[in-house]
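# What the coordinates show
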Amino acid sequence: MNSTANGSSGSWSCLNFSALKIGGTVTYCLIIIVSLVANCLIAITVCKTPNLKKTINFFIANMASSDLLFPVFSIPFKLSLLHANSFLIGGQLGQALCKLVAFFGNVSVVVSTQNLILIGVDRFGAVVFPLRSPLIRSKLCLFFINATWIFAIVFNSQYLLTLELVEHPEVAWCVRRWKRVFGESSSFASFLLAYNILFTYIPVLLLVILYSIFIKLNTQVHPSEQSTNNQQQWKRRNRNVLQMSIAIVTVFVLCCLPYNTNHLTIEYQDSSAHFSCSFQIYFNVTYFLIHAYCAINPIICFMFSSNYRQGEKRLMKCSFVQA
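Residues numbered from 1 in each chain as written. Predicted model: local features only at pLDDT ≥ 70, side-chain atom pairs only at ≥ 80, totals over all residues. Heavy atoms only, no water.

What counts here: UniProt positions are given in the numbering used here, feature names are shortened, and annotations may be inferred rather than shown by experiment.
In the nomenclature of an unreviewed UniProt entry, the chain corresponds to G-protein coupled receptors family 1 profile domain-containing protein from the organism Porites lobata. Looking at the Sequence similarities (unreviewed entry) heading of the UniProt record, one finds this comment for the chain: "Belongs to the G-protein coupled receptor 1 family." Note on the chain: under the UniProt heading Subcellular location (unreviewed entry), the record states "Membrane".

Structure representation (structure tokens):
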């Protein structure tokens, strides 16, 4: 999530803009509704359901909390660009939103990335050392959850410093003043490269290695093992959790990696290539995917976990009884 208002100018110019504006509005509004409802349900279900109060579910709830930043800040901003190709709010509030939209969007992605790594570490302990106590215990879990937000805020604080709303008589753009803040010798492209290596490429590589190990261990058969009912139930639960984790990681890679790579390419590519029809289509598709992630992620949890579905049903029943 690194775009600014003027970075989207002219998108879809090679296609039927009216049809795409209608379709984009409906789709993004649907993402807002699904994301708000589903992520709130995930967070509340984990808090209210005793058998879900485990390390992996706390990390998933933390991801759901961070995903709420997209429908609140980022997607409304995208809708304003889609209809007006301009920042619609001016003045001091506009200046604040100019900074906060990019800041919270990137904080959300970085928090999710860190939680995926933590979930991978938790699964590593469960799969490789099944008889030992969890690698990440409850108190340590709370520490890591707080740390994910602190790291995300610190590493994205530059958006609060460098973004500025520039208002003209008929249009307002949120632009980046990187060199004015950090000096002429500093480069945003270099920062973005380091940022993507740290929060995209290294995490994806680690996740691929970890889950490759999990899949290999999970498919191994040991003749000496006793197939008792308890062991079978444990293996079944562990397999379901592993499948859900793999699905979450896969969706994250498919939704976030293309956009981050594409935005990095923009910083190093000749600007004339940005006006090609193929580039405009690819950029907007990747932009859509990174926003869709906040709605897809909680749906995966409900699809793969019966505990989440049962917890949601109990919450709904309690709500109806109290009403």
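## A few points about the UniProt feature "transmembrane region" (unreviewed entry) in the chain
What counts is decided by this rule: Helix numbers and strand numbers start at the N terminus; a helix is a DSSP run of H or I with at least 4 residues, a strand a run of E with at least 2.
With numbering matched to this structure, UniProt assigns "transmembrane region" (unreviewed entry) to residues 25–47, 68–88, 100–119, 140–161, 188–214, 241–261 and 281–304. Helix makes up 100% of residues 25–47 and strand makes up 0%, while its end C-alpha atoms are separated by 33 Å. Here residues 188–214 is 100% helix and 0% strand, with 38 Å between the C-alpha atoms at its ends.

## Describing the pattern of salt bridges
For clarity, the cut-off: We define a salt bridge as a contact between a side-chain nitrogen of Lys or Arg and a carboxyl oxygen of Asp or Glu at a distance within 4 Å.
Enumeration according to the criterion identifies 2 salt bridges in this entry. Residues Arg 123 and Asp 122 are paired through a salt bridge, measuring 3.2 Å at the closest nitrogen-oxygen approach. Between Glu 164 and Arg 180 there is a salt bridge, and its shortest N-O distance comes to 2.3 Å. In this pair, Glu 164 is assigned in strand β1 (residues 163–167) and Arg 180 in helix α7 (residues 178–182), connecting sequence segments 16 residues apart.

## A look at the packing of aromatic side chains
We describe a pair of aromatic rings using the distance from one ring centre to the other and the angle between the two ring planes. We count it as follows: Geometry of aromatic contacts follows a simple scheme: Phe, Tyr and Trp rings, the Trp one being its six-membered ring, pair when their centres are within 6.5 Å, and the pair is stacked under 30 degrees between planes, edge-to-face over 60, tilted otherwise. Exposure categories follow from relative accessible area, calculated using a 1.4 Å probe and restricted to protein chains: below 20% of the type maximum is buried, above 50% is exposed, and the middle band is partly exposed. For a ring to carry a charge above it, either NZ of a lysine or CZ of an arginine must fall within 6 Å of the ring centroid while also lying within 35 degrees of the normal to the ring plane.
Applying the stated rule across the entire model yields 19 aromatic pairs. A ring pair is formed by Trp 178 and Phe 188, whose centres lie 5.3 Å apart and whose planes are at 65°; its orientation type is edge-to-face. Of this pair, Trp 178 sits in helix α7 while Phe 188 sits in helix α8 (residues 188–219), placing them 10 residues apart in sequence. Phe 188 shares its class with Trp 178; the two are buried. Both rings, one in Trp 178 and one in Phe 191, keep their centres 5.1 Å apart while their planes meet at 40°; by these two values the pair is tilted. Separated by 13 residues along the polypeptide, Trp 178 in helix α7 and Phe 191 in helix α8 bring together distant segments of the chain. Ring pairing ties together the aromatic residues Phe 151, Phe 155, Trp 178, Phe 182, Phe 188, Phe 191, Tyr 195 and Phe 199, which thus form one cluster. The side chain of Arg 176 reaches across the aromatic face of Phe 188, ending 3.8 Å from its centre.

## Overview of the pairing of strand β2 (residues 172–176)
Note the threshold: Pairing between two strands is assigned when DSSP locates at least 2 bridges connecting them.
Pairing of β1 with β2, which is carried by 5 bridges, proceeds in the antiparallel orientation. Looking at β2, one finds that Glu 164 is bridged to Val 175. Hairpin connection of β1 to β2: 4 residues between the antiparallel strands.

## As for the side chain of Asn 262
How we decide: In what follows, a contact means two residues having at least one pair of non-hydrogen atoms within 4.5 Å.
Examined against the element boundaries, Asn 262 turns out to sit in helix α9 (residues 229–268). The contact partners of Asn 262, leaving out residues within four places of it in the chain, are Phe 279, Tyr 282, Phe 283 and Thr 286.

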